[in-house]
2 protein chains.
Amino acid sequence: MNELYIKVNDRDNVAIIVKEGGARAGSTFDGGLVAMEDIPQAHKIALSDIPSGSEVLRYGEVIGHAREDITKGSWVNERNVKIREAVPVESLTSSFDHEWTAPEVGPRTFMGYRNADGTFGTRNILAITTTVQCVEGVVNVAVDRIRRELLPKYPNVDDVAALNHAYGCGVAISARNAEIPIRTILNMSKNPNFGGELLTVSLGCEKLTPQKLFTEIDDRNLVVLQDCKGFQEIMDEIMDKAEEKLERLNRRQREECPVSGLVVGLQCGGSDAFSGVTANPAIGYAADMLVAAGARVMFSEVSEVRDGVHLLAPRTVSPEVLEKLKREMSWYDDYLAGGEVDRDANPTPGNKQGGLANIIEKSLGSVVKSGTSPIVDVLSPGERIRKSGLTFAATPASDFVCGTQQFSSGMTIQVFSTGRGTTYNLRVAPVIKVSSNTALKNKWFDLIDINAGDIASGEKTLEEKGREIFEFIIDVAGGRKKTFSDEYGLYNALTVFNPAPIT
Amino acid sequence: MNELYIKVNDRDNVAIIVKEGGARAGSTFDGGLVAMEDIPQAHKIALSDIPSGSEVLRYGEVIGHAREDITKGSWVNERNVKIREAVPVESLTSSFDHEWTAPEVGPRTFMGYRNADGTFGTRNILAITTTVQCVEGVVNVAVDRIRRELLPKYPNVDDVAALNHAYGCGVAISARNAEIPIRTILNMSKNPNFGGELLTVSLGCEKLTPQKLFTEIDDRNLVVLQDCKGFQEIMDEIMDKAEEKLERLNRRQREECPVSGLVVGLQCGGSDAFSGVTANPAIGYAADMLVAAGARVMFSEVSEVRDGVHLLAPRTVSPEVLEKLKREMSWYDDYLAGGEVDRDANPTPGNKQGGLANIIEKSLGSVVKSGTSPIVDVLSPGERIRKSGLTFAATPASDFVCGTQQFSSGMTIQVFSTGRGTTYNLRVAPVIKVSSNTALKNKWFDLIDINAGDIASGEKTLEEKGREIFEFIIDVAGGRKKTFSDEYGLYNALTVFNPAPIT
Ligand SMILES: [Ca+2]
Ligand SMILES: [Ca+2]
Ligand SMILES: [Ca+2]
Ligand SMILES: [Ca+2]
Ligand SMILES: [Ca+2]
């Protein structure tokens, strides 16, 4: 029987091997294709002879050029494909008339928390903002005590979370780019999952003063350690102020909220060559459904989008949005160049073992999770989301940094695709894990929430999987279902993006 | 009665106000000096008229030039003192014949843990090294379980600690400067407080592979999440391997060890103008005692040392050490310049309120904690300490970053001076807090371990305070005394210095 490969676009001269364990030399495929050598699962097979120097095409796009003559049926990988130059940012254009057919979504609701400012939370969490890492030890001890002694009295409050970070002092507070970590910390504290109740702990001599962070801050929302007489008073003051917040947060209750109130972040990590044909396009379909329902959806990861950005530019809705997209790409180009870092530094050994030859192939597979809707806005790192529809929120691709930055932009639930598997999760917003291949789901049966590997085997369509993801988002957002990672309490530290030097 | 001021050097034309609450206009001092205006405590009073443009001298050194005519008796602060240019690195010289009279220290021991490699620990901790932040959630859950379920069975083991960090993936692993975080994580895992027992948790697809980190690593010391079948197997494998380590660590017992086996880190944070005349010189005296006893002592904080480095260069013992010192200063100059950051970005609002006019004054007060002994070696960030005596370990001044970097260099106990107060502490090595002023000790009576403010009031000499600190180091290192912060379990996250971009 012929084995399966996945060819995405008619123009492609490579396809990926579906079979678990890979294709053995001599394996046959439809159309008379024969594997010339062993090719691992998710890796690429040449569909035709590719002469040295000619284009290697996947997703209908050039992912590179052959370094040597590649014979039909042989293994195409990072050794015989030379990466092409990045598309220059200046050349990006759009006619601002991107057509899009929204998928069918009836009027849908989720059981969320309604905030006074018109936003909606998926969780009801007491957050303790910190202005500087120095206070972390005290805040962690306080959070433990609050969780043990106070939370049981306030059953409508889901959790208490310390917003720890490595910023706040030992930095040049007015440096170029310092606005990024400052804005991130500020907007993190305003996430809809915190219900507008702010409690901030400051040391008292740090550079990021509470006044600099918030412009103004009420004394009831602030504990300054250096203003307290000793440790007991510090703890008493935090516990007292926390309890006031808990009383107010406890009045919140889950109620029926429109799906348009969701702010959904999309991310991928530990990607393989299946990511771009199973999990990511299925997430893209769910994203289109969310956009159709009026929700706010953001995708990110500049260094992964960079090589697919020519596919995104035409989807921007206005010259202003295109301009912002170009500005964020250039900013990151400069940032990486400042560290003498090549853009192809992004793919990991895991990506390459997973069949991704280079950053272009990774990018093309990554951007498909944005679906097909118009790009209505672009955010600089840590800016709050402003519009319904699809937003590009510029962040690093690093999973925990992207997660933190999306959270600061207002994300209340994240959907995360992975081919290799990761246990990444956040305490402050649920993260749904979608596997790109069935082997991963079989191995991590109790860590992966949704398997999109059944798309590769033809058991499910992209649309079916997209609808499954959409329904799961609604259930997890509404507290009706729990992700595996939330079940076990696996939480990564928030990691604020600070591109400026420390002192 | 005349009020007190502190003049450090005969050449000085400014002195600092001792009185709590500061000096009122009209207050009189010895020698007929009268305060012309209210001057806060720890701030500077002009001892003579200082004409516009002329030198302002403290510690016998130029801390800046008068911006305007400053009348005798008036308040000298960052508004009327202009910072002078940094001493060029190229101009640093030494005759390599620094003379030093070691203080009297008899043969002394501390109750430490003796390691197979000849090092000595002050704690007996099971450490779990992580190759990437992705695994943090899993490792934290495992550490909680180990602490609850296993530690009680191994009474000689003090604690279990996750070596979490934000590095390992989402970075350019071969970028310029990437060796700094990689070396830091590697050497952190080898700290003497961990007894040579390594347990590493890896995700499996990260850039910082266990093999890259350790060159080679035994399967008994490693758990790779992606190699496990599901969460339960992950947890079982970590718990099993941890228990093997605990069995071995439990055989360690405190025994009498020579003080020469101590590796003591020195740091300051939240400094005020007293820091340089009370806590830091007293710590300097203790440092001299430690060096006299053959211990390894390190001081750090490049951006604070930078403006006092001309006082350090003559203390280097060889052209090689001088060259390394210059190289580390230049590296940091370039690093800050790359971010367009001014060197005077270091002082905080707290420092300035505390009377420190600029980075030069802060530096001069900071370097005195290195005591007076020869500088035998200079380390790049994260390098392991190599020699007995005083080493300059180049690190950022940021308290938690400096602490992490010193820890990775082998520090097993840290002495920390503060004028404003901080709750900073590490789980992996004790941090002794020394206040520079009595007001702080009165306020934070249950957080400050030693008060050096009584030096300013003349109740204690620097030597007496230095000996008190030395004895306290021995007691805390040996587990006989506990710092307040350890008593309460206040622990800051380790924060690895990563000067390279993230992707
Ligand atoms: Ca990604
Ligand atoms: Ca990612
Ligand atoms: Ca196993
Ligand atoms: Ca300092
Ligand atoms: Ca410091």
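For clarity, every value in this text was computed on a predicted model and none was experimentally measured.

Colleague: How should I be thinking about the pairing of strand β5 (residues 61-66) of chain A in this particular structure?
Modeller: Strand residues, when the strand is regular, have side chains that alternate between the two faces of the sheet. All names here are of chain A. Burial analysis of β5 places 5 of its 6 residues in the buried class, the great majority of the element. Looking at chain direction, strand β4 (residues 55-58) and β5 are connected through 4 bridges and run antiparallel. Each bridged residue has a counterpart across the sheet, and for E55 the counterpart in β5 is H65. Pairing analysis gives 2 bridges linking β5 to strand β7 (residues 81-82), with the strands arranged antiparallel. Bridge pairing in β7 links H65 to K82.

Colleague: Is there a simple way to explain the side chain of N358(A) in this structure?
Modeller: Residue and element names in this part refer to chain A. Within the secondary structure, N358 sits in the loop between α9 (349-353) and α10 (359-367). Exposure remark for N358: the relative accessible area of 2% places this residue in the buried category. In this structure N358 touches I63, V81, I83, D344 and P347, once residues within four positions along its chain are discounted.

Colleague: Looking at this structure, how should I read the environment of V157(B)?
Modeller: Residue and element names in this part refer to chain B. Note that V157 resides in the loop between α1 (136-150) and β11 (159-163). Overall, V157 belongs to the buried group, its relative accessible area being 6%. Taking C-alpha positions, V157 is 50 Å from L4, a pair spaced 153 residues apart along the chain. If sequence neighbours within four positions are ignored, V157 has contacts with N124, L126, L151, L246, L249 and N250.

Colleague: Honestly, the pairing of strand β20 (residues 431-435) of chain A in this entry has me stumped. Any pointers?
Modeller: All names here are of chain A. Buried residues dominate β20, accounting for 5 of its 5 residues. The two faces of β20 match: V431, K433 and S435 on one face and I432 and V434 on the other face are all buried. As defined by bridge partners, strand β19 (residues 413-418) adjoins β20 across 5 bridges and the pair is classed as parallel. Note on β20: the bridge partner recorded for Q414 is V431. The sheet contact formed by β20 and strand β21 (residues 450-451) spans 2 bridges and is parallel. The residue bridging S435 from the neighbouring strand is N451, located in β21. As a crossover connection, the stretch from β20 through helix α12 (residues 438-443) into β21 is right-handed.

Colleague: It is not clear to me how the coordination of the calcium ion (ligand 3) should be interpreted in this structure. Could you clarify?
Modeller: In ideal tetrahedral geometry, four donors around a metal make angles of 109.5 degrees, whereas ideal octahedral geometry with six donors gives angles of 90 or 180 degrees. All names here are of chain B. Every protein donor of the calcium ion (ligand 3) is listed here as E233 (OE) and E237 (OE), and their distances to the metal cover 2.7 to 2.9 Å. With a gap of 4 residues between them, E233 and E237 both fall in helix α4 (residues 230-249), about one helical turn apart. On the basis of relative accessible area, E233 is assigned to the partly exposed category, the value being 34%.

Colleague: Quick question: what am I supposed to make of the packing of aromatic side chains here?
Modeller: For any pair of aromatic rings, the description rests on two quantities: the centre-to-centre distance and the angle between the ring planes. Evaluated as defined, the whole model comprises 24 aromatic pairs over all chains. For the cation-ring pair, R79(A) lies above W75(A), with the distance from its terminal atom to the ring centre recorded as 5.3 Å.

Colleague: What's the story with the interface of chain A and chain B in this structure? I'm lost.
Modeller: How big an interface is tends to be stated in terms of the accessible area lost upon association of its parts. Opposite the 71 residues of chain A that make contact, chain B presents 71 residues. Between chain A and chain B the total buried area reaches about 5400 Å² when both faces are included, carbon and sulfur atoms providing 61% of it. Broken down residue by residue, the surface that chain A buries against chain B is led by F231(A), I502(A) and T503(A), which jointly contribute 12%. Where chain A packs against chain B, one counts 2 salt bridges. Across the pair E340(B) and R176(A) runs a salt bridge, and its minimum N-O distance is 3.2 Å. For the pair chain A and chain B, the number of links is 42 residue pairs in polar contact (both at pLDDT 80 or more).

Colleague: Would you mind showing me how to read the UniProt feature "domain: SAF" (unreviewed entry) in chain A here?
Modeller: Per the UniProt annotation, the sites labelled "domain: SAF" (unreviewed entry) are residues 12-82 of chain A. Secondary structure content for residues 12-82 of chain A is 0% helix and 30% strand, and the end C-alpha separation is 17 Å.

Colleague: Could you clarify how one ought to interpret the state of the cysteines in this entry?
Modeller: Put plainly, two cysteines are in a disulfide when a covalent bond ties their sulfur atoms together. The full count for this structure, using the stated rule, is 0 disulfides over all chains. The closest cysteine sulfur to the non-disulfide-bonded C134(A) is located on C169(A), 6.0 Å from its own sulfur.

Colleague: Quick question: what am I supposed to make of the relation of the copies chain A and chain B here?
Modeller: Each of the two chain copies can be generated from the other by rotation about an axis followed by a shift along it. Mapping chain A onto chain B calls for a screw motion: a turn of 180° about the axis and a shift of 0.0 Å along it, with 0.0 Å RMSD after fitting. Here the two chains are linked by the operation of a two-fold rotation axis. Proximity to the rotation axis, assessed at the C-alpha, singles out G338(A) in chain A; its C-alpha lies 3.8 Å from the axis. Interface residue correspondence from chain A to chain B reaches 100%, placing this contact among same-surface, isologous pairings.

Colleague: I keep staring at the pattern of salt bridges and nothing clicks. Help me out?
Modeller: On inspection of all chains with the given rule, the structure shows 63 salt bridges over all chains. The structure contains a network of salt bridges with shared partners spanning R183(A), K324(A), D377(A), E383(A) and R386(A).

Colleague: Teacher, can you tell me more about the coordination of the calcium ion (ligand 2) here?
Modeller: Within the first shell, the calcium ion (ligand 2) binds the protein through Q267(A) (OE1), C268(A) (O), E301(A) (OE), A397(A) (O) and D399(A) (OD), at distances of 2.2 to 2.5 Å. Between consecutive donor residues of the calcium ion (ligand 2), the sequence gaps follow Q-C-x32-E-x95-A-x1-D.

Colleague: What exactly am I supposed to notice about helix α5 (residues 279-292) of chain A here?
Modeller: Owing to its 3.6 residues per turn, the α-helix aligns residues three or four sequence positions apart on the same side. Residue and element names in this part refer to chain A. Look at α5: 20 Å from first C-alpha to last across 14 residues, which is about the 20 Å you get at 1.5 Å a residue. Counted residue by residue, α5 has 13 buried out of 14 residues, so it is predominantly covered. In the segment just after α5, G294 is the residue with positive phi, at about 90°.

Colleague: Please clarify how the domain arrangement of chain A should be interpreted in this entry.
Modeller: All names here are of chain A. Split by domain assignment, chain A resolves into domain 1 (1-85), domain 2 (110-249) and domain 3 (264-488). Contacts between domain 2 and domain 3 engage 23 residues on the former and 25 residues on the latter. In this assembly, domain 2 packs against domain 3 so that about 1900 Å² is buried in total across both faces, 54% of it on carbon and sulfur atoms. Where domain 2 touches domain 3, the interface holds 3 salt bridges. R427 is the salt-bridge partner of D159, the closest N and O atoms lying 2.7 Å from each other. Residue contributions to the side of domain 2 that touches domain 3 peak at 5 residues, all from helix α2 (residues 179-189). Residue classes in the side of domain 2 that touches domain 3 are distributed as 11 nonpolar, 6 polar and 6 charged.

Colleague: I would appreciate a short explanation of the packing of α5(A) against helix α13 (residues 462-477) of chain A in the present structure.
Modeller: Two quantities define a packed helix pair, namely the angle between the axes and the distance from one axis to the other. Residue and element names in this part refer to chain A. Running from N to C, α5 and α13 cross one another at 60°; their axes reach a closest spacing of 7 Å. In terms of orientation, α5 and α13 fall into the oblique class. For the pair α5 and α13, the sense of crossing is right-handed. Side by side, α5 and α13 meet where P281, A282, I283, Y285, A286, M289 and L290 of the first sit next to L462, E463, K465, G466, R467, I469, F470 and I473 of the second. A per-class count over the contact of α5 with α13 returns 11 nonpolar, 1 polar and 3 charged.

Colleague: What is the right way to look at the side chain of D272(A) in this model?
Modeller: Residues and elements named next belong to chain A. Checked against the element boundaries, D272 lands in the loop between β15 (263-268) and α5. The side chain of D272 sits in the buried core without any salt bridge; R420 is the nearest counter-charge, 6.2 Å away. Within the local environment of D272, its side chain forms a polar contact with the backbone nitrogen of F274, the two atoms lying 3.0 Å apart. A polar atom in the side chain of D272 sits 3.0 Å from the backbone nitrogen of S275. Those residues within four positions of D272 in sequence are excluded, and the remaining contacts are G354, L356, G419, S436 and N437.

Colleague: I keep staring at the environment of I63(B) and nothing clicks. Help me out?
Modeller: All names here are of chain B. The residue I63 is located in strand β5 (residues 61-66) in this model. Judged by relative accessible area, which is 0%, I63 ranks as buried. For the pair I63 and S409, spaced 346 residues apart in sequence, the C-alpha separation works out to 32 Å. Not counting residues within four places of it along the chain, the set of residues in contact with I63 comprises K44, V56, R58, V81, I83, R84, N358, I360, E361 and L364.

Reading the values: the criteria
- Residues numbered from 1 in each chain as written.
- Chains lettered and ligands numbered in written order.
- Predicted model: local features only at pLDDT ≥ 70, side-chain atom pairs only at ≥ 80, totals over all residues.
- Heavy atoms only, no water.
- Buried < 20%, exposed > 50% of the residue type's maximum accessible area, 1.4 Å probe, protein only.
- Helix = DSSP H or I, 4+ residues; strand = E, 2+ residues; numbered from the N terminus.
- Pairing = 2+ DSSP bridges.
- Contact = heavy atoms within 4.5 Å.
- Right-handed = clockwise from strand over helix to strand, strands pointing away.
- Donors = N, O, S within 2.8 Å, 3.2 Å for Na, K, Ca; no water.
- Phe/Tyr/Trp six-rings, centres within 6.5 Å; stacked < 30°, edge-to-face > 60°.
- Lys NZ or Arg CZ within 6 Å of the ring centre and 35° of its normal.
- Buried area = accessible area lost by both parts, 1.4 Å probe.
- Salt bridge = Lys/Arg side-chain N within 4 Å of Asp/Glu carboxyl O.
- Polar contact = N/O pair within 3.5 Å; in protein donor to acceptor, adjacent residues only side chain to side chain.
- UniProt positions renumbered as here; feature names shortened; annotations may be inferred.
- Disulfide = S-S within 2.5 Å.
- Least-squares fit on C-alpha atoms with pLDDT ≥ 70 in both.
- Expected span 1.5 Å × (residues − 1).
- Domains from an automatic or database assignment.
- Nonpolar A, V, L, I, M, F, W, Y, C, P; charged D, E, K, R; others polar.
- Axes fitted to C-alpha atoms, helices over the stretch in contact; angles between N-to-C directions.
- Parallel < 35°, antiparallel > 145°, perpendicular 65-115°, else oblique.
- Left-handed = near helix turned anticlockwise from the far one by under 90°.
- Lys, Arg positive; Asp, Glu negative; His and termini not counted.

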